[in-house]
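Architecture and fold: a report
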Amino acid sequence: MKPNQRIKLSDLASMLNLSTSTISRALNDHPRIPTETKKKVKALAKDLSYHPNPFAKGLLQKQTKTIGVLIPTFGDVFFSKTLESIEEELFVRGYKMIIVRSGKTAEQEKKACWELAKSHVDGIIAAFSFDHENISFINDINDEGIPMLFLDRALESVDANFVISDDYIGAFNAVKHLIVSGRKNIIHLEGPEEVSTAFFRRQGYEEALRSEGIPIQENYIIQCKSEKVVKDKLIALEHHYDAVFCFNDYYAFEYLEFAQQRNIPVPTEVAVIGFSDAPMCQYTTPKLSSVDQSSGDMGKSAVDLLLNEISCLKNKKPIEYQTIKTKTSLVLRESC
């Protein structure tokens with residue numbers, strides 16, 4: 001710690017191996033915090049001359065009625081639909097929003113979060129694109145009195161509210177439908193391995209196969225890091241698979257183009273299902289079956305949880321963090 005650097009809640013939390021929320025509650029004499037813990041926290045705070053940040057205090061006392069929203073891209077239909085839902089819900093509740101894009105690196109995403117925080121927002125809804133080895137900046141933003149809610153992805157080691165779709169069930173039901181329809185050799189075009197959504201969709205894919213006694217073949221699970229590698233693997237497996245379950249609709253669109261180039265009839269020879277149910281699914285040839293993530297429900301739930309957390313902070317009430325999973329549904333069209 002640099003000389004004369006302001007001591008933050010996260011510093012006290014790190015020194016005592018406690019969460020920042022526990023430190024905050026101890027300093028405010030919350031009844032759920034043990035007396036001994038309160039004594040330790042207050043003693044350390046006194047020794048280090050800790051003082052609450054007046055900026056954070058000001059935000060708690062006078063709200064700006066503005067919510068910051070961080071998204072990976074403006075081009076993804078899922079996030080566009082979710083944004084629309086968030087904006088509509090905030091409007092009803094008397095709030096406005098500021099939208100910032102993540103950028104192309106983890107460092108840019110971190111800076112984007114701070115841009116929102118410095119805009120004096122009351123809270124942040126964040127859909128992260130990248131893994132962050134050091135998540136202390138999230139705690140620092142919370143220390144400024146600005147709670148963060150995370151959308152679409154679950155993050156480990158973060159005390160916060162999360163709103164995600166039930167990716168596991170969505171994938172399970174999609175693959176189960178393919179199996180019941182007579183498909184037994186099902187390829188999975190897998191998403192980025194570091195993303196929780198990709199993990200749960202793969203888990204749903206594998207469990208659906210197991211439930212029907214179909215062995216999992218590792219060469220049928222294709223990581224989509226390089227278009228050339230994916231195409232080469234698909235060509236090597238040609239005539240050995242009869243269905244493709246995709247991590248998202250964009251992978252499915254690319255597969256439909258590939259199938260057309262290779263004269264693979266869909267769905268006669270190969271059935272295809274995407275994930276997200278983008279509007280474009282209705283205009284492909286054939287029309288794409290997909291898993292609907294209920295983006296409208298996700299946006300509304302995110303606003304409900306975050307505004308409740310803001311209210312709890314303002315009124316110094318305890319916060320019970322939740323992870324809400326919105327329901328998914330399989331939308332069947334011509335591709336399967």
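Rules used throughout
Residue numbering note: each chain is counted from 1, following its sequence as written. Local features in this predicted model are restricted to residues whose pLDDT is 70 or higher, and side-chain atom pairs enter the listing and the counts only when it is 80 or higher, whereas totals over whole chains, interfaces and linings include all residues. Note that the side-chain values use all heavy atoms of the structure and ignore hydrogens as well as water. Each residue gets one of three labels from its accessible area relative to the maximum for its type: buried under 20%, exposed over 50%, partly exposed in between, using a 1.4 Å probe on protein chains only. Helix numbers and strand numbers start at the N terminus; a helix is a DSSP run of H or I with at least 4 residues, a strand a run of E with at least 2. Following DSSP output, two strands are said to pair if at least two bridges run between them. Handedness of a crossover: with both strands directed away from the viewer, a clockwise path from the first strand across the helix to the second marks it as right-handed. Ring pairs shown here join Phe, Tyr and Trp side chains whose ring centres sit within 6.5 Å, with only the six-membered ring taken for Trp; geometry is labelled stacked below 30 degrees between planes, edge-to-face above 60, and tilted in between. Throughout, the protein atoms alone are placed on a 1 Å grid, and a set of points is a cavity if a 1.4 Å probe fits but cannot get out or a pocket if it is open with protein on both sides within 12 Å along at least five of seven lines; lining residues have an atom within 4 Å of a point. Grid points are joined across faces, edges and corners, and a volume is the space filled by probe spheres set on the points. Side-chain classes follow a simple rule in which Ala, Val, Leu, Ile, Met, Phe, Trp, Tyr, Cys and Pro form the nonpolar group, Asp, Glu, Lys and Arg form the charged group, and the remainder, Gly included, forms the polar group. In this description, a line fitted to the C-alpha atoms serves as the axis of each element, helices being fitted only across the stretch in contact, and the angle between N-to-C directions of two axes falls anywhere from 0 to 180 degrees. Helix crossings fall into two classes, left-handed where the near helix is turned counterclockwise from the far one by less than a right angle and right-handed where it is turned clockwise. The criterion used for residue contact is that any of the two residues' heavy atoms lie within 4.5 Å. Only buried Ala, Val, Leu, Ile, Met, Phe, Trp, Tyr and Cys residues count toward a nonpolar core, and they belong to the same one when joined by side-chain atoms within 4.5 Å.

With that out of the way, let us pick up the pairing of strand β3 (residues 123-126). Each regular strand displays side chains that alternate between the two surfaces of the sheet. Residues G123 and I125 point to one face of β3 and I124 and A126 to the other, with burial holding for every one of them. As paired elements, β3 and strand β4 (residues 148-151) share three bridges and run parallel to each other. Across the sheet, A126 pairs through a bridge with F150, a residue of β4. In this fold, the crossover linking β3 to β4 by way of helix α7 (residues 136-143) has right-handed handedness.

This part is about the packing of aromatic side chains. Inspection of every chain in the model, using the stated rule, returns eleven aromatic pairs. Relative to F172, the ring of Y168 lies with its centre 6.4 Å away and its plane at 20°, an arrangement referred to as stacked. Pair noted here: Y168 and F172 are both in helix α8 (residues 167-180), with a separation of four residues, about one helical turn. For the ring pair Y250 and F253, a centre distance of 5.9 Å and an interplane angle of 85° mean the geometry is edge-to-face. Separated by three residues within a single helix, Y250 and F253 lie in helix α11 (residues 249-261), roughly one turn from each other.

Attention now moves to the layout of surface pockets. Here the idea is plain: a probe the size of a water molecule rolls over the atoms and shows the empty space left. Each pocket or cavity is described by its volume, and for the second largest pocket that value is around 690 Å³. What lines the second largest pocket is a set of 28 residues, among which P72, D76, F79, F247 and N248 lie closest to the centre. Contributions of two or more residues to the lining of the second largest pocket are made by α5 (77-92), α9 (196-211), α11 and β9 (271-276). Residues that form the lining of the second largest pocket fall into these classes: 14 nonpolar, seven polar and seven charged.

All right, on to empty space enclosed by the protein then. One pass over the full model with this rule turns up four cavities of 30 Å³ or more. What the second largest cavity holds in volume is close to 50 Å³. Lining of the second largest cavity is provided by I164, S165, D166, D167, Y168, F200 and K325. Looking at the lining of the second largest cavity, the elements that each hand over two or more residues are β5 (161-165) and α8.

Attention now moves to the packing of α8 against α9. Direction vectors running N to C along α8 and α9 enclose 35°, while the axes themselves pass 7 Å from each other. In this structure, α8 meets α9 at a crossing whose hand is right-handed. Here D167, Y168, A171, F172, V175, K176 and I179 of α8 come into contact with α9, specifically with T197, F200, R201, Q203, G204, Y205, E207, A208, L209 and S211.

The next subject is the nonpolar core. The nonpolar side chains of a soluble globular protein tend to be buried, and buried together. I186, I187, L189, Y241, F245, Y255 and V272 are the most contacted members of the largest nonpolar core, which totals 44 residues. Every element with two or more residues in this core is listed here: α8, β6 (186-190), α9, β7 (221-223), α10 (227-236), β8 (243-246), α11 and β9. Residue contributions to this core peak at seven residues, all from α11. With 22 residues, the next largest nonpolar core counts I71, Y95, M298 and V303 among its residues.

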